[in-house]
Amino acid sequence: MTTAAPIDQLVKQVDGLSLDAVKAKFPDTYPDMNLMDLYRAHLSNVLSEVTGVDTAIIYPNLGWTSGLEKGDMALPVPALRVKGKKPDELAQEWAAKFPDTDPLFTKPTVSQVHLSFFVKASPLVNAVIPLVHNKGAEYGFNKADGLKDPKDPSKGQKRIIVEFSSPNIAKPFHAGHLRSTIIGGFLSNLYAGAGWDVVRINYLGDWGKQYGLLALAYEKYGDEEALQKDPINHLFQLYVRINTEMTAEKEDFTKRKEAGEDVSALEANSLDEQARRYFKKMTDRDADALAMWKRFRDLSIVRYKDTYARLNIHFDEYSGESQVTEDAMNQVGNLMEEKKICKEDKGAQLIDFSELVPGKEGKRLEKPLVRKRDGTALYLTRDISELLGRHEKYHFDKMIYVVASAQDLHLRQLFKIIELLGYKDIADKCQHINFGLVLGMSTRKGTVKFLDDILRDVADKMHEVMKKNENKYSQIEDPLATADVLGISSVMVQDMSGKRINNYTFNMETMTSFEGDTGPYLQYAHARLNSIRRKAGVSDEELATADLSLLTETSAINLCRHMAGWPDVVKNTLKTLEPTTVLTYLFKLTHALSSSYDQLQVVGSEPELMKARLALYTAVQTVLANGMRLIGLSPVERYVSPVAPD
């Protein structure tokens, strides 16, 4: 197996082809990282000779097929816009003219107006396996995408901000936060893999009158030991308790009023009013009030960090509503007034988009309030200030908000206001990545409260499943840790299985199954490859000498075809920004892998054949692990499955 320069070996098989020539002729191609770029370039050259059409037209129209049985590439003949003959006639004519002796492709097959192209097995097998071994964890990822100028790396990386997760301190980490966390973590990994400078921001709900109420609750019922042990849960319990009291108090006042009693003195010192006064102390920067609030915030962040670490997620900045100053919001308010973006309405300030933006778009953006009658700035004003502040601080090239689809209107309003303020260049850099709802999500003990509850429940479920296979269970060094990883994989894969915008139903039985397209199934596939490598006992040095020409079985060739397509999948995912783009690929790869085992026995086969097959499976394991890590999973080394063979 030649690991030094597998692409060079492939290039030598095509007369007149060179990597430099491909890069110069076909923009945005990286044939030294992506075999399919080289194959597309070569095929474009051949088809240009056959059809008389310029390669610049052919290359972008060479697309993927829906499955390997339909070829490795396809060309829709009408896309070339050749006049004088019907597309189906041209397809037949061009297929007949395609050279029989092409080194990389067999003659195309015709399906009405489409030409399908199949790669020749031997050149691909001998190129892709060494390439994957060579690139390792980097295979599939093109760092040039994140450069300001791919032709001049000295100009540095592009910077992207991904804002995601964003729970409210002392409130449940609900399903929407879970989806934002999973999708945001995936997008951060995707852009980091593509070479961008990624800044991960958690914009916490950490400000408002509710923190005044929480402070009152802590003064009355707080427990220092409970706060230190589990700050999020303790603060939540206090918040629920004080809220219940406040609701009861308001109901009592209402009854007294109806009975003709004057309750104005009681209302002046009600819990609601005390909370308002406490929060006023916070906004006035009272040292004691801020110290308690900061303590709640800091302790909560420490606990959040532990939970995020289990999901392979970290943040570069824990921002929040509290970090936006009154001065910054006043400046934004004044600027909106100067530019006549907002107007007074019954003492409040609102934006009537129908007067600012022509047509249906203006009406759809509605009339949001930006400041209440008492002068309090609303979320929109705060978000405008935060966005402009981030641009000033980070000078980002792109910013993504990973927020539920319920906030679609809010984000459209935000971006439009930024544009109306004269910052269209900044607005154009911003994107809302939305998602649907999680339905039926509850713990075994009832309604879900925190992310930790969800992860604990699925880990318990996985542990129960694992214990059914006593032999495998005894081989696991830390079964509880493995159950935790498998449980997290279950949750994440179920979340990513459909398009982001779709709602889905949280189903623990389905998600924790080792059968079907689930997280445990992916983990099992990876761990089984690891098991094969362990049992074979072949060193890396021996593997490097494998004779890949021995891999002639259809299942081996198909695995190589799948692996060759991985860089294209990553590239396409940067366009779709859909986790399911990656997940669909991984399941196709693992299905091909699962069906290969009967044909490609490793342990017990003849030594040279064993080395070749192990080289193939080791490459597949690398690609599978790269894909799993991209979507946020930690590939496990050993599996415990009730359905797994030894």
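Calculation notes
- Residues numbered from 1 in each chain as written.
- Predicted model: local features only at pLDDT ≥ 70, side-chain atom pairs only at ≥ 80, totals over all residues.
- Heavy atoms only, no water.
- UniProt positions renumbered as here; feature names shortened; annotations may be inferred.
- Helix = DSSP H or I, 4+ residues; strand = E, 2+ residues; numbered from the N terminus.
- Patch = residues over 30% accessible without salt bridge, like charges linked within 9 Å, V, L, I, M, F, W, Y side chains within 5 Å.
- Areas by Shrake-Rupley, 256 points an atom, 1.4 Å probe, with all protein chains shown as cover.
- Salt bridge = Lys/Arg side-chain N within 4 Å of Asp/Glu carboxyl O.
- Lys, Arg positive; Asp, Glu negative; His and termini not counted.
- Charge placed at Lys NZ, Arg CZ, Asp CG, Glu CD.
- Axes fitted to C-alpha atoms, helices over the stretch in contact; angles between N-to-C directions.
- Parallel < 35°, antiparallel > 145°, perpendicular 65-115°, else oblique.
- Contact = heavy atoms within 4.5 Å.
- Nonpolar A, V, L, I, M, F, W, Y, C, P; charged D, E, K, R; others polar.
- Buried < 20%, exposed > 50% of the residue type's maximum accessible area, 1.4 Å probe, protein only.
- Pairing = 2+ DSSP bridges.
- Core = buried A, V, L, I, M, F, W, Y, C linked by side-chain atoms within 4.5 Å.
- Phe/Tyr/Trp six-rings, centres within 6.5 Å; stacked < 30°, edge-to-face > 60°.
- Lys NZ or Arg CZ within 6 Å of the ring centre and 35° of its normal.
- Expected span 1.5 Å × (residues − 1).

Trainee: Help me out: how do you make sense of the UniProt feature "domain: Arginyl tRNA synthetase N-terminal" (unreviewed entry) in the chain in this one?
Mentor: The UniProt record annotates "domain: Arginyl tRNA synthetase N-terminal" (unreviewed entry) at residues 37–119. This span, residues 37–119, is 36% helix and 13% strand, and a straight line between its end C-alpha atoms measures 13 Å.

Trainee: Hey, could you run me through a negative patch on the surface in this one?
Mentor: Together, Glu337, Glu338, Glu344 and Asp345 give the surface a local cluster of negative charge. Within the secondary structure, aspartate 345 sits in strand 7 (residues 343–345).

Trainee: Would you explain the packing of helix 7 (residues 175–193) against helix 22 (residues 479–496) in this entry?
Mentor: Pairs of packed helices are described in terms of their axes, by the angle between the two and the distance that separates them. Two numbers describe how helix 7 lies on helix 22: the axes approach to 10 Å, and their chain directions differ by 85°. As summarised for this structure, helix 7 and helix 22 are arranged roughly perpendicular, according to the angle between their axes. Across the interface between the two elements, Leu178, Arg179, Ile182, Ile183 and Phe186 of helix 7 pack against Val491, Met492, Asp495 and Met496 of helix 22. When the residues that make up the contact of helix 7 with helix 22 are grouped by side-chain class, the tally is 7 nonpolar, no polar and 2 charged.

Trainee: Can you help me understand unusual backbone geometry in this one?
Mentor: Note: most peptide bonds trans; most residues except glycine with negative phi. One non-glycine residue with positive phi stands out, namely arginine 81, at about 55°. Within the secondary structure, arginine 81 sits in the loop between strand 1 (73–76) and helix 5 (87–97). Among the residues examined, arginine 81 registers a relative accessible area of 72% and is labelled exposed. At leucine 577, a position not held by glycine, the phi torsion is positive, near 55°. As for its position among the elements, leucine 577 is in the loop between helix 26 (554–576) and helix 27 (579–594). Residue leucine 577 is classed as buried on the basis of its relative accessible area of 4%.

Trainee: Hey, could you run me through the pattern of salt bridges in this one?
Mentor: Pairing between side chains becomes possible if they bear opposite charge and their charged atoms approach one another. For the structure shown, the criterion picks out 44 salt bridges. The shortest N-O distance in the salt bridge between lysine 97 and glutamate 93 comes to 3.6 Å. Note that lysine 97 and glutamate 93 are positioned in helix 5 at a spacing of 4 residues, about one turn of the helix. We note a salt bridge from aspartate 540 to arginine 533, for which the minimum N-O separation is 2.4 Å. The class for aspartate 540 is exposed, based on a relative accessible area of 53%. One network of salt bridges, with partners in common, ties together Asp230, Arg303, Arg310, Asp452 and Asp484.

Trainee: Please explain the pairing of strand 5 (residues 197–204) as it appears in this structure.
Mentor: For a regular strand, side-chain orientation follows a simple rule: the groups alternate between the two sheet faces. When you tally the buried positions in strand 5, you get 7 out of 8 residues, the bulk of the element. Both strand 5 and strand 6 (residues 317–320) contribute to a ladder of 4 bridges, which runs parallel. Directly across from tyrosine 203, in strand 6, lies its bridge partner serine 319.

Trainee: For this particular structure, what's the right way to read the side chain of serine 166?
Mentor: Among the structural elements, serine 166 can be located in the loop between strand 4 (159–163) and helix 7. The buried category is assigned to serine 166, whose relative accessible area is 18%. Setting aside residues up to four positions removed in sequence, serine 166 forms contacts with His177, Asn202 and Tyr203.

Trainee: Could you clarify how one ought to interpret the nonpolar core in this entry?
Mentor: Nonpolar side chains in soluble globular proteins generally cluster together in the buried interior. Among the nonpolar cores identified, the biggest contains 168 residues, and Ile129, Met563, Trp566 and Leu616 are the most heavily contacted of them. A total of 12 residues in this core trace back to one element, the largest contributor, which is helix 28 (residues 607–630). Core analysis: the next-biggest nonpolar cluster, separate from the first, contains 30 residues, Val332, Phe353, Val370 and Ile417 among them.

Trainee: Can you help me understand the packing of aromatic side chains in this one?
Mentor: Describing an aromatic ring pair means giving the distance of the ring centres and the angle of the ring planes. All chains considered together, the criterion is met by 17 aromatic pairs. Where phenylalanine 98 meets phenylalanine 117, the ring centres are 5.8 Å apart and the plane angle is 50°; that geometry is what we call tilted. Of this pair, phenylalanine 98 sits in the loop between helix 5 and strand 2 (109–111) while phenylalanine 117 sits in strand 3 (residues 114–117), placing them 19 residues apart in sequence. Grouping residues by exposure puts phenylalanine 98 and phenylalanine 117 together as buried. Taken together through their ring pairs, the aromatic side chains of Phe164, Tyr304, Tyr308, Phe315 and Tyr318 make up a single cluster. Sitting above the plane of the tyrosine 203 ring, arginine 390 keeps its charged end 5.4 Å from the centroid. Over the face of the ring belonging to tyrosine 597 we find arginine 528, whose NZ or CZ atom lies 3.9 Å from the ring centre.

Trainee: Is there a simple way to think about a positive patch on the surface in this case?
Mentor: A cluster of basic residues, Lys360, Lys363, Arg364 and Arg412, forms a positive patch on the protein surface. With 3 residues, the top contributor of residues to the positive patch is helix 16 (residues 359–364). Looking at where lysine 363 falls in the secondary structure, it is placed in helix 16. A relative accessible area of 65% means that lysine 363 is categorised as exposed.

Trainee: It is not clear to me how the environment of glutamate 578 should be interpreted in this structure. Could you clarify?
Mentor: Residue position: glutamate 578 is located in the loop between helix 26 and helix 27. Look at glutamate 578 and you get buried, because its relative accessible area is 11%. For the pair formed by glutamate 578 and alanine 309, sequence separation is 269 residues and the distance between their alpha carbons is 23 Å. Residues within four places of glutamate 578 in sequence aside, it is in contact with Phe186, Lys499, Arg500 and Thr573.

Trainee: What should I look at first to understand helix 13 (residues 287–310) in this one?
Mentor: Owing to its 3.6 residues per turn, the α-helix aligns residues three or four sequence positions apart on the same side. If you check helix 13, its first and last C-alpha atoms are 35 Å apart, about what 24 residues at 1.5 Å a residue would give, namely 34 Å. Following helix 13 by one or two positions, asparagine 312 has its phi on the positive side, about 60°.

Trainee: Would you explain the pairing of strand 3 in this entry?
Mentor: With 4 bridges connecting them, strand 1 and strand 3 associate as antiparallel partners. By the bridge assignment, alanine 74 is partnered in strand 3 with serine 116. Counted along the chain from strand 2 to the antiparallel partner strand 3, the turn is 2 residues long, and its residue glutamine 112 has a positive phi close to 55°.

Trainee: Would you take a moment to explain the sheet that holds strand 5 for this structure?
Mentor: Consider a sheet: its strands pair through backbone hydrogen bonds, and that pairing is either parallel or antiparallel. Strands sit in the order 6-5-4-10-11 across an open sheet of 5 strands; the sheet is parallel. In this open sheet, the two edge strands, each paired with only one partner strand, are strand 6 and strand 11 (430–433). Averaged over all pairs of adjacent strands, the angle between their axes in this sheet comes to 25°, without regard to strand direction. Helix 17 (residues 379–394) rests against strand 4, strand 5, strand 6, strand 10 (398–402) and strand 11 of the sheet, and its axis sits at about 150° to strand 5.

Trainee: Please clarify how the sheet that holds strand 8 (residues 348–350) should be interpreted in this entry.
Mentor: Spatially, the 3 strands line up as an open sheet ordered 7-8-9, and their pairing is antiparallel. Each edge of the open sheet carries a strand with a single partner, namely strand 7 and strand 9 (369–371). Within the sheet, the average angular offset between the axes of one strand and its neighbour, ignoring direction, is 50°. For strand 7 and strand 8, the ladder comprises 3 bridges, and the chain directions are antiparallel. The partner of lysine 343 across the bridge, within strand 8, is leucine 350.

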